[in-house]
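Structure assessment
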Amino acid sequence: MSDYTTLLYEQPAPGVARIVMNRPQARNAQNLEMGYELNAAFDRASLDDSIKVIVLAASDPHFSSGHDLRGDGGVVLGDRPIVSSWGGFQQPGAHGRFAREQEIYLQNTRRWRNLAKPTIAAVQGRCIAGGLMLAWACDLIVASDDATFCDPVVTMGVCGVEWFVHPWELGARKAKEFLFTADDWSAQEAHRLGMVNRVVARAELEAEVLKLALRIAAKPAFALQMVKKAVNQTLDIMGQQSSVDQAFALHHLCHAHNVQEFGQVIDPGGMPAAVKRRV
Ligand code: ZN
């Protein structure tokens, strides 16, 4: 039962929607097609009053290798209803780049973070760069014991992914280590730091997430919505949104620097080999 080309939309139990990223051949890299389909699927689950909890999962073997640097899946920005309040996507230079990433990375992630229902990310295998953004936008993260987390973007000449909540998720000192080294961190380490709620065996991931979703779905919908808002607004009052916006501006300073130095938005020295061949 799917109206999507990059996702599956499932209802595994009463009250629970499961959105499954389904580009395993691309390690669930997020192209524009997937971004807009994710947005549509989240809206569908939000508007369906029978759904109380939304699970974001991924077909094996990996949760997500990040943003797809190899193309947009045929989608041209502006052809679809935009999720942000932005425009000017075809403008030259930093003007167009800033607009594009506001739309496809920053403001859609903020939208999903603010969905009016609890969300749970079920993470297995590798979760890299833009994959982190998706997991972090969810309220809870359950990881399989073989999951690893990594933001290698500094290696590519940019100061971390566009949704910059690393210090909030890891604490400032560990966030610096995570970004400076670009190491893969285990699910157990992420759990120890409070970034992951639970670690379960890979074979148990789907069942454990569903069990947790059903426990939450048994609670009153409005109270769930309000308590989520209360926690998110606490982070907002502490400055999280302004913090994300200032880091996004620095991210674009890095893109502008790379364009000037290398003629492309990232430092080619740090690009994965598969992408380098195509640029
Ligand atoms: Zn960027």
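The structure we're discussing is the one just above.
A quick note: this is a predicted structure, and the numbers were derived from the prediction, not measured.

As a general point, the strands of a sheet are linked pairwise by backbone hydrogen bonds and lie either parallel or antiparallel. Read from one edge to the other, the open sheet built from six strands follows the order β1-β2-β3-β4-β6-β9, with strand pairing classed as mixed. In the strand order of this sheet, the two ends are held by β1 (7–13) and β9 (198–200), each with one partner. The mean angle between the axes of side-by-side strands here comes to 25 degrees, regardless of whether they run parallel or antiparallel. As paired strands, β1 and strand β2 (residues 16–21) are joined by five bridges and run antiparallel to one another. Directly across from A13, in β2, lies its bridge partner V16. Contacts from helix α3 (residues 130–137) reach β2, β3 (53–58), β4 (119–123) and β6 (140–144), with the element oriented near 140 degrees to β4.

A few words on the packing of helix α2 (residues 93–113) against helix α9 (residues 240–262). Two numbers describe how α2 lies on α9: the axes approach to 11 Å, and their chain directions differ by 150 degrees. Between α2 and α9, the angle is such that the two are roughly antiparallel. By crossing handedness, the relation of α2 to α9 is classed as right-handed. Between α2, through R97, F98, E101, Q102, L106, R110 and R113, and α9, the contact on the second element is made entirely by Q240, Q241, V244, D245, F248, A249, H251, H252, H255, A256 and V259.

Calculation criteria
Residues numbered from 1 in each chain as written. Predicted model: local features only at pLDDT ≥ 70, side-chain atom pairs only at ≥ 80, totals over all residues. Heavy atoms only, no water. Pairing = 2+ DSSP bridges. Helix = DSSP H or I, 4+ residues; strand = E, 2+ residues; numbered from the N terminus. Axes fitted to C-alpha atoms, helices over the stretch in contact; angles between N-to-C directions. Contact = heavy atoms within 4.5 Å. Parallel < 35°, antiparallel > 145°, perpendicular 65-115°, else oblique. Left-handed = near helix turned anticlockwise from the far one by under 90°.

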